[in-house]
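Listed here are the chains, written in short residue letters.
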There are 2 protein chains.
Amino acid sequence: MTIVALDLEGVLVPEIWISFAEKTGLDELKRTTRDEPDYRKLMKYRIDILKREGLKLKDIQDVISTMDPLDGAKEFLDKLREETQVVILSDTFVEFAKPLMKKLSWPTIFSNSLVVSDDGEILDIRMRQEEGKMNAIKAFSSMGFKTFAAGDSYNDLKMIRLADNGCLFRAPKNILEENGDLKIFEEYDDFFSYIKGCLV
Amino acid sequence: MTIVALDLEGVLVPEIWISFAEKTGLDELKRTTRDEPDYRKLMKYRIDILKREGLKLKDIQDVISTMDPLDGAKEFLDKLREETQVVILSDTFVEFAKPLMKKLSWPTIFSNSLVVSDDGEILDIRMRQEEGKMNAIKAFSSMGFKTFAAGDSYNDLKMIRLADNGCLFRAPKNILEENGDLKIFEEYDDFFSYIKGCLV
């Protein structure tokens, strides 16, 4: 039996911070894990900007509530969930993910959470553990599963390489150049067919 | 973050083998993990009866396709999946579970599979691993989750006792008598409230 682990942002839904950056006009917030491999550093950078601008959790949630999954993502995920077990492994936060999970018919997601002050200011992040994506793949293996992993960012590479099979999906140029040995897909149909061929 | 692990049969859907026994009139097939703690022994007993009666996988699947989740189970599970991550841990087989998972809106399920001959005879079972339920709880802990587990049978006791929190749901008398220290619930509303109170 194979369990499929998918990254969330860029693979099934738009990059949340990029959408927020566009909405607020704060171009500095367009930096993602595709640019900055160190997630804690990236989040500190983001939280400092939010603080400077007086932006709160509610402001981000308001933007997320207007977001939809990427075109075709729900159909892809629905089809895949009929074939095998799928878990979304994301470094995002439960406080952000919920409205998007609802739009994807509540797939299982393993993510992180935020530390928020009483007046709604984001103070810090609470990671479930370090290297959460890679450790999830290890844990699935320990349960007797074959594993497949896919994503688009620096923080997906370890899980993709550790899994029995894996690939990139819509990864940016810098990731591709450094990982020319990994398969990459741009369309959900091809992506689905490749995953299906790897299922045992 | 808490992950909730639920047994399938008796908790969310009827006992598949009991339904099949009733449909075929083969009372010997009413034996479940609530009566026989050794699952391999139980499955060998069942497969021997199927062989003797000339019954095939298709005959069981035909019965399953007429089954529905227990009254209120889907609403309970839908509500719980909005609150936290839920994984069904079951000793049943993917070949049996699929139509029921569809009726439950495709929750994540970790189960086993069957070895079936070309003409559809069930030859053997393929367990993902020994002690799959207990090992899943260990694996969730290794991923930094708090764990909650619930079930009704002998094969659920180890996962319930290993998890950070847990309880029985509609367990039969023999399980209750031997496990008087565990909380038990009979209705989904109470069950949901108890789980919700344990979430972190």
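Residues numbered from 1 in each chain as written. Chains lettered and ligands numbered in written order. Predicted model: local features only at pLDDT ≥ 70, side-chain atom pairs only at ≥ 80, totals over all residues. Heavy atoms only, no water.

1. Thoughts on the confidence of the model for chain A
- Considering every residue of chain A, the mean pLDDT works out to 95; 100% of them sit at 70 or more.
- Scored by ipTM, the complex comes to 0.92, with pTM at 0.93. (pLDDT = per-residue confidence, 0-100.)

2. Considering the sheet that holds strand β1 (residues 2–6) of chain B
All names here are of chain B.
- Strand order in the open sheet formed by seven strands is β4-β3-β2-β1-β5-β6-β7, and the pairing between neighbours is mixed. Pairing within the sheet leaves two strands with one partner each, and these edge strands are β4 (122–126) and β7 (184–185).
- Strand direction decides the pairing type here: strand β5 (residues 146–151) and strand β6 (residues 165–169), joined by four bridges, are parallel. Within β6, the residue paired with Phe 148 across the bridge is Asn 165.
- Packing of helix α6 (residues 132–142) onto the sheet brings it into contact with β1, β2 (85–93), β3 (108–116) and β5, and relative to β2 it is tilted by some 155°. (Pairing = 2+ DSSP bridges. Helix = DSSP H or I, 4+ residues; strand = E, 2+ residues; numbered from the N terminus. Contact = heavy atoms within 4.5 Å. Axes fitted to C-alpha atoms, helices over the stretch in contact; angles between N-to-C directions.)

3. Comments concerning the relation of the copies chain A and chain B
- Of the two same-sequence chains, chain A is brought onto chain B (RMSD 0.0 Å, axial shift 0.0 Å) by a rotation of 180°. What the rotation and shift describe, once combined, is the action of a two-fold rotation axis. The rotation axis passes nearest to the C-alpha of Ala 139 of chain A in chain A, at a distance of 2.5 Å.
- Interface overlap between copies: 100% of the residues of chain A at the interface are likewise at the interface in chain B, consistent with a symmetric, same-surface contact. (Least-squares fit on C-alpha atoms with pLDDT ≥ 70 in both.)

4. Quick word on the layout of surface pockets
- In this structure, the largest pocket spans a volume of roughly 450 Å³.
- Lining the largest pocket are 22 residues, and of these Val 94 of chain A together with Met 1, Glu 83, Thr 84 and Gln 85 of chain B lie nearest its centre.
- Of all the elements, helix α5 (residues 94–103) of chain A adds the most residues to the lining of the largest pocket, at five residues.
- A per-class count over the lining of the largest pocket returns eleven nonpolar, six polar and five charged. (1 Å grid on protein atoms, 1.4 Å probe; cavity = no way out; pocket = protein on both sides within 12 Å on 5 of 7 lines; lining within 4 Å. Points joined across faces, edges and corners; volume = space filled by probe spheres on them. Nonpolar A, V, L, I, M, F, W, Y, C, P; charged D, E, K, R; others polar.)

5. Concerning the interface of chain A and chain B
- Facing the 28 residues of chain A at the interface are 28 residues of chain B.
- Taken over both partners, the interface formed by chain A and chain B buries close to 2300 Å², and the fraction arising from carbon and sulfur atoms is 60%.
- Summed over the shared surface of chain A and chain B, the number is zero salt bridges.
- Inspection of the region where chain A meets chain B yields eleven residue pairs in polar contact (both at pLDDT 80 or more).
- Elements that contribute at least two residues to the side of chain A that touches chain B include exactly α4 (73–83), β2 (85–93), α5, β3 (108–116) and α6 (132–142) of chain A.
- Considering every element that reaches the side of chain A that touches chain B, the biggest residue donor is β3 of chain A, with six residues. (Buried area = accessible area lost by both parts, 1.4 Å probe. Salt bridge = Lys/Arg side-chain N within 4 Å of Asp/Glu carboxyl O. Polar contact = N/O pair within 3.5 Å; in protein donor to acceptor, adjacent residues only side chain to side chain.)

6. A closer look at the sheet that holds strand β7 (residues 184–185) of chain A
Residue and element names in this part refer to chain A.
- If you walk across this open sheet you meet the seven strands as β4-β3-β2-β1-β5-β6-β7, and the pairing is mixed. Edge positions in the open sheet fall to β4 (122–126) and β7, since each of these has one partner strand only.
- Here four bridges tie strand β1 (residues 2–6) to β2, and the two strands are oriented parallel to one another. By the bridge assignment, Leu 6 is partnered in β2 with Ile 88.
- In this fold helix α2 (residues 39–53) packs onto β2 and β4, with an angle of close to 165° to the strand it touches most, β4.

7. Things to note about helix α5 (residues 94–103) of chain B
Residues and elements named next belong to chain B.
- All buried positions along α5 are accounted for by Phe 96, Ala 97, Leu 100 and Met 101. For α5, the angular spread of buried residues about the axis comes to 120°, placing them on one side.
- Following α5 by one or two positions, Ser 105 adopts a phi angle in the positive range, close to 65°. (Buried < 20%, exposed > 50% of the residue type's maximum accessible area, 1.4 Å probe, protein only. Arc of directions from axis to C-beta.)

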